[in-house]
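Structural features, examined
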Amino acid sequence: MLLSDFDPEIKIALNNELKRQEESLEMIPSENFVSQDILTALGSVTTNKYSEGYPGKRYYGGCEHIDTIESLAIERAKSLFDAEHVNVQPLSGAPANLAAYSALLNPGDTIIGMDLSHGGHLTHGHPVTFMSKIWNFIRYKTTSDGLIDYNQIESLAKEHKPKMILVGYSAYSREIDYKRIKSIADEVNAYTMADIAHIAGLIAAGEMNNPVPLFDVVTTTTHKTLRGPRGGMIMCKKEHKKAINKAVFPGLQGGPHENVITAKAIAFKEAAQLEFKDYAKQIKLNAKILENELSAKNFQLMFGGTDNHLLLIDMASKNITGGQAETALNLAGITVNKNSIPDDTRSPMDPSGIRLGTPALTTRGMKEDEMKQVADFINRAIINWQNTSELEKILKEVHDLTSKFPIYKNLSY
Ligand code: DSN
């Protein structure tokens, strides 16, 4: 098939999406831009292959090359995170968490995890999830200073005797004391689990604490700061290898997506390079610059600022809702997501906050000077959120900036 025969409606939409990514400032902290090699792997012939099972033990013939690829992915991930065992088959973060719970726990067991509005995740026990019907989730919150309340976790653990204590967050911007969590868990004989989806790349680069050598089980996605393909992964102690593998397949999933596993293998190799360490350092530095610049412009940062790649901002002091801010910034070419703030009284469809981060802009090569410019764009867009012509003016300036930092050279569909 020639590229000119490529499905014309899809071709138009793909080129439009490519243009949107190239021209806008992508600041959703869970998004990133993969390398050209990873794009190639995602579109490779490994998508054609069924391979239920694990390397060396498959339920289908013809898996010899798939075994090579999946084994490489596993070994590279083990080395990157200092893990005793890795399963690279989870389709994404939610299935990885479901598999981890089902591997180590029985239905009805208690898990302590963080409240969603304080930075946790839906799959950490929010009542709207199916998981919350299977396990008994008790949820902790941050303190009024905006930090994890380890004392509250300890007293909840003593009161509820959980089978598992869960840390790792999707909107919390501070470092985590894994040793403290491990000692609380040991006191009540609970398993330790961390969901490092957001910060996996920072951990791989040695820029944040690594729970993998300490905890029973650690789940992650591979597409956020780790800058791999959209997918999931579970790391665990050797003693949990059998239970984790059985929970993923045949417990919850069928044929693994081997094209994604091919791309994961490449991503893990990329993340082990020296350049990736510089990248992770710059992600944090860029987030710090945004913290300083936005604080100086009187934006109210939750958790007192950031130790990682993201900022959660309460927009109430700017007299605008999170939804209104997201829409205004989008019109100015800046993509962020509306987000609940701790104990938000507004609905998740139009909460009080916005969440933004630096992984994708840093991948483009943007540094301190550009972050100052970006903070200025954000401030002007929020001040002028109802002024269409001012938002269009900012949009043009955003296009000028992004044109200097191309993502994919010579890519089109
Ligand atoms: N949806 C992801 C995020 O944006 O943080 C988490 O699953």
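Above this text is the structure in question.
This write-up is about the structure you can find in this document. (Residues numbered from 1 in each chain as written. Predicted model: local features only at pLDDT ≥ 70, side-chain atom pairs only at ≥ 80, totals over all residues. Heavy atoms only, no water.)

Structural notes on the packing of helix H14 (residues 368–383) against helix H15 (residues 388–403)
Geometrically, a packed helix pair is captured by the angle between its two axes and the distance between the axes. Operational definition: For helices, the axis comes from a line fit to the C-alpha atoms of the stretch in contact; other axes are also lines fit to C-alpha atoms, and the angle between any two N-to-C directions lies between 0 and 180 degrees. The helix count covers DSSP runs of H or I at least four residues long, the strand count covers runs of E at least two residues long, and both are numbered beginning at the N terminus. To sort the angles, those under 35 degrees are grouped as roughly parallel, those over 145 as roughly antiparallel, those from 65 to 115 as roughly perpendicular, and the leftovers as oblique. Here a crossing is called left-handed whenever its near helix is offset anticlockwise from the far helix by less than a right angle, and right-handed whenever the offset is clockwise. Residue contacts are defined here by distance: any two heavy atoms, one from each residue, within 4.5 Å place the two residues in contact. We call Asp, Glu, Lys and Arg charged. Ala, Val, Leu, Ile, Met, Phe, Trp, Tyr, Cys and Pro are nonpolar, and the rest, Gly among them, are polar.
The interhelical angle for the contact between H14 and H15, taken along N-to-C directions, is 165°, at an axis separation of 10 Å. Of the possible angle classes, the one that applies to H14 and H15 is roughly antiparallel. As H14 packs across H15, the resulting crossing turns out to be left-handed. Counting all contacts with H14, which are made through Glu 370, Gln 373, Val 374, Phe 377, Arg 380 and Ala 381, the residues of H15 involved are Glu 390, Leu 391, Ile 394, Glu 397, Val 398 and Leu 401. Split into classes, the residues belonging to the contact of H14 with H15 amount to 7 nonpolar, 1 polar and 4 charged.

A look at the pattern of salt bridges
Our working definition: Whenever Lys or Arg places a side-chain nitrogen within 4 Å of a carboxyl oxygen from Asp or Glu, that contact is recorded as a salt bridge. Here's how the labels work: a residue is buried when its accessible area is under 20% of the maximum for its type, exposed when over 50%, partly exposed in between, all with a 1.4 Å probe on protein chains only.
Evaluation of the coordinates by the stated rule reveals 25 salt bridges. Of the charged contacts in the structure, one is a salt bridge between Glu 154 and Arg 180, with a shortest N-O distance of 3.1 Å. Remark: Arg 180 occurs in helix H7 (residues 178–188) and Glu 154 occurs in helix H6 (residues 150–160); sequence separation between them is 26 residues. In this structure Glu 154 comes out as buried when scored by relative accessible area, which is 19%. Its relative accessible area of 26% is what places Arg 180 among the partly exposed residues. Between Glu 390 and Arg 380 there is a salt bridge, with its nearest N and O atoms 3.8 Å apart. Taken together, the positions of Glu 390 in helix H15 and Arg 380 in helix H14 put the pair 10 residues apart, joining distant regions of the chain. The burial state of Glu 390 is the same as that of Arg 380; both residues are buried. Residues participating in the shared-partner salt-bridge network are Arg 58, Asp 67, Glu 70 and Glu 258.

Focus on the environment of Asp 350
Quick note on the threshold: Here a polar contact is recorded for every N or O atom pair within 3.5 Å, except that within protein the pair must consist of a potential hydrogen donor and a potential acceptor, and residues adjacent in sequence are included only if both atoms are side-chain atoms.
Mapped onto the elements, Asp 350 comes out in the loop between strand E14 (337–339) and strand E15 (353–357). When the C-alpha atoms of Asp 350 and Tyr 101 are compared, they prove to be 31 Å apart, with 249 residues separating the residues in sequence. Beyond its immediate stretch of four places on either side in the chain, Asp 350 contacts Thr 321, Gly 322, Gly 323, Gln 324 and Lys 338. Side-chain polar atoms of Asp 350 contact the side chain of Thr 321, separated by 2.7 Å.

Concerning the sheet that holds strand E8 (residues 191–195)
Filter applied, for reference: Two strands form a pair only when DSSP identifies at least two bridges running between them.
One open sheet accounts for 7 strands, arranged E4-E10-E9-E8-E7-E5-E6; its pairing is mixed. A strand with exactly one partner marks an edge of an open sheet, and here the two such strands are strand E4 (85–87) and strand E6 (136–140). For this sheet, the mean angle separating the axes of adjacent strands, direction not counted, is 20°. In this structure, strand E9 (residues 217–221) lies alongside strand E10 (residues 232–236), joined through 5 bridges in antiparallel fashion. Within the sheet, the bridge partner assigned to Val 218 lies in E10 and is Met 235. The strands touched by helix H4 (residues 93–104) within the sheet are strand E5 (110–114), E6, strand E7 (164–167), E8, E9 and E10, with E9 carrying the most contacts at an inclination of about 165°. Sitting on the sheet, helix H9 (residues 241–252) is in contact with E4, E9 and E10, with an inclination near 0° to E4.

What about the site of the ligand?
The condition is simple: Here a residue is near a molecule or strand as soon as one of its heavy atoms is found within 4 Å of it. In short, Shrake-Rupley with a 1.4 Å probe defines the accessible areas, and a residue's cover is counted only from the protein chains shown.
Around the ligand, a shell composed of Ser 30, His 121, Ser 170, His 198, Lys 224 and Arg 355 is seen. Between Ser 30 and the ligand, the recorded distance is 2.7 Å, taken from a side-chain N or O atom to an oxygen atom. When the free accessible area of the ligand is taken as 230 Å², the share hidden by the protein chains comes to 62%. Its residues assigned to classes, the shell around the ligand comprises no nonpolar, 4 polar and 2 charged.

Structural notes on the packing of aromatic side chains
The geometry of an aromatic ring pair comes down to the distance between the two centres and the angle between the two planes. This is how it is decided: Note on ring pairs: Phe, Tyr and Trp rings are taken, using the six-membered ring of Trp, and paired if centres are within 6.5 Å. Classes follow the plane angle, with under 30 degrees stacked, over 60 edge-to-face and the rest tilted. Definition used: whenever NZ (Lys) or CZ (Arg) falls within 6 Å of the ring centre and also within 35 degrees of the ring normal, the charge is taken to sit over that ring.
For the structure shown, the criterion picks out 8 aromatic pairs. Measuring from centroid to centroid gives 5.4 Å for Tyr 169 and Tyr 172, while their planes differ by 80°, and the two rings are edge-to-face. Side by side, Tyr 169 and Tyr 172 carry an identical accessibility label, which is buried. Site record: aromatic cluster; members linked through ring pairs are Tyr 101, Trp 135 and Phe 137. Note that Arg 227 overlies the ring of Tyr 279, its terminal NZ or CZ placed 4.0 Å from the centroid.

Details of the nonpolar core
Stated precisely, the cut-off is as follows: Definition used in this section: a nonpolar core is a set of buried Ala, Val, Leu, Ile, Met, Phe, Trp, Tyr and Cys residues joined via side-chain atoms within 4.5 Å.
Phe 81, Tyr 140, Ile 148, Val 167, Tyr 178, Ile 196 and Met 235 are the most contacted members of the largest nonpolar core, which totals 56 residues. Not counting residues within four places of it along the chain, the set of residues in contact with Met 235 comprises Phe 81, Ala 83, His 85, Val 86, Ile 196, Val 212, Asp 216, Val 217, Val 218 and Thr 220. Counting 33 residues, the second largest nonpolar core, distinct from the first, contains Leu 311, Ala 328, Ile 354 and Ile 378.

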